[in-house]
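Working through the structure, step by step
Single-letter residue listing:
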Amino acid sequence: MRENGRLGVQKLFLAMAIGLAMALQSGPVLAGKDLDAVKTRGALICGVAAGGLAGFMMVDSQGKWKGLDVDVCRAVAATIFGDSEKVKYVPVSPQQRFTALQSGEIDMLSNNTTWTLTRDTALGLDFTGVTYYDGQGFMVPKTLGVKSAKELNGATICVPSGSTTELNIADYFRANKMSFKPVIIEDVDQIRAAFFSGRCDVYTGDRARLFATRVANAPNPDNYMILPEIISKEPLGPAVRQGDAQFADIVRWSQYAMVEAEEAGIDSKNIDDMLKSDNPNIKRILGVTPGMGKALGVDEKWVYSIVKQVGNYGECFERNLGTGSPLKIDRGINKLWTEGGLQYAPPIR
């Protein structure tokens, strides 16, 4: 009799588990508190870098934010609202950025922030992907007469506070038995001014930042060179608060959709023709075959909205950083995996 009772309880729990699983599969996706707040407000609040960074986030002559990191924010807005312009941009300093996100002042951070274990765990944040694979380097005036970072023993180096940059150079100089004199400055504009006025021998940071700074801020860009050494891994990407899995998924898959669209050959110019494609993968990506929007809790045309209004990843890269921009940065490891790069999106299926 006791065994039969135990068996009955086991069957009951099994039935409950199956019922719950079926409900989760067939029921609507429930929005979390962060996504609810964004929808209620009618706009996404995106944290970008105070002072801007050419190619990634910069205010143009019309007062509009533009850049690769800005395009990620726009893609998220397109997914949620079907309108990539429903974004408010809030500039935050390196010291303010995590507090601004933790406190709810911003919904997401998209400002060249490096994904590290400590930031992903101890700060209560979730990184959703890598927008740009980079590494830390050094820029020097050509008059310094050096060709390698290993010739920088005793150099004075401008370093932004509150970043991984300071830790990386300390490790690099210690490993190479060299010394340096750090000039730690909080404000990005002040760092640039200090370097270009000769207060520091070296300006260090992510290499993309160095290229952008040389083009956009140097009195004469030809007077400065970026040394060949790359001393760190800097996977740069968006971050959100922990606690709203659906909002994190939307940010994550909005970025992946840009990469997946490029791999599938879908861009802002041909996307309307692609709606007529017989390719089952393209039909699924663009919502012609429904299901992916429902799984994410958004409109089935979410990828269409992103690519039509913002572009695929390759278009955004070329427009902001590559051949179509003043920076003309080689795409390098940010090419698609099919072309030897690291950009790779899980399948939308």
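It should be noted that the structure appears before, not after, this text.
These numbers come from a predicted model, not from an experiment.

Calculation criteria
- Residues numbered from 1 in each chain as written.
- Predicted model: local features only at pLDDT ≥ 70, side-chain atom pairs only at ≥ 80, totals over all residues.
- Heavy atoms only, no water.
- Buried < 20%, exposed > 50% of the residue type's maximum accessible area, 1.4 Å probe, protein only.
- Helix = DSSP H or I, 4+ residues; strand = E, 2+ residues; numbered from the N terminus.
- Arc of directions from axis to C-beta.
- Contact = heavy atoms within 4.5 Å.
- Polar contact = N/O pair within 3.5 Å; in protein donor to acceptor, adjacent residues only side chain to side chain.
- Pairing = 2+ DSSP bridges.
- Axes fitted to C-alpha atoms, helices over the stretch in contact; angles between N-to-C directions.

**Comments concerning helix α2 (residues 33-41)**
Of the residues making up α2, those classed as buried are Asp34, Leu35 and Val38. Down the axis, α2 shows its buried residues gathered within 100° of arc, on one side only. Summarising the geometry of α2, the exposed residues directed more than 90 degrees from the buried face are Lys33 and Thr40. Buried residues belonging to α2 abut β1 (44-49), α3 (68-81), β14 (239-241) and α9 (245-263). Directly after α2, the chain includes glycine 42, whose backbone phi takes a positive value near 85°.

**Remarks on the environment of aspartate 83**
As for its placement among the helices and strands, aspartate 83 is situated in the loop between α3 and β4 (87-92). Considered as a pair, aspartate 83 and glutamine 246 are 163 residues apart in the sequence and their alpha carbons are 19 Å apart. Polar side-chain contacts of aspartate 83 include one of 2.9 Å to the backbone nitrogen of glutamate 85.

**Section: the sheet that holds β14**
Taken in spatial order, the 5 strands of this open sheet run β4-β1-β5-β14-β6, and their pairing is mixed. Two strands bound the open sheet, and with one partner strand each, they are β4 and β6 (125-127). The pairing of β1 with strand β5 (residues 108-109) spans 2 bridges and is classified as parallel. Pairing of glycine 47 across the sheet is with leucine 109, part of β5. Those strands touched by α9 are β1, β5, β6 and β14, and its axis lies near 170° from that of β14.

Purely geometric numbers; function is a separate question.
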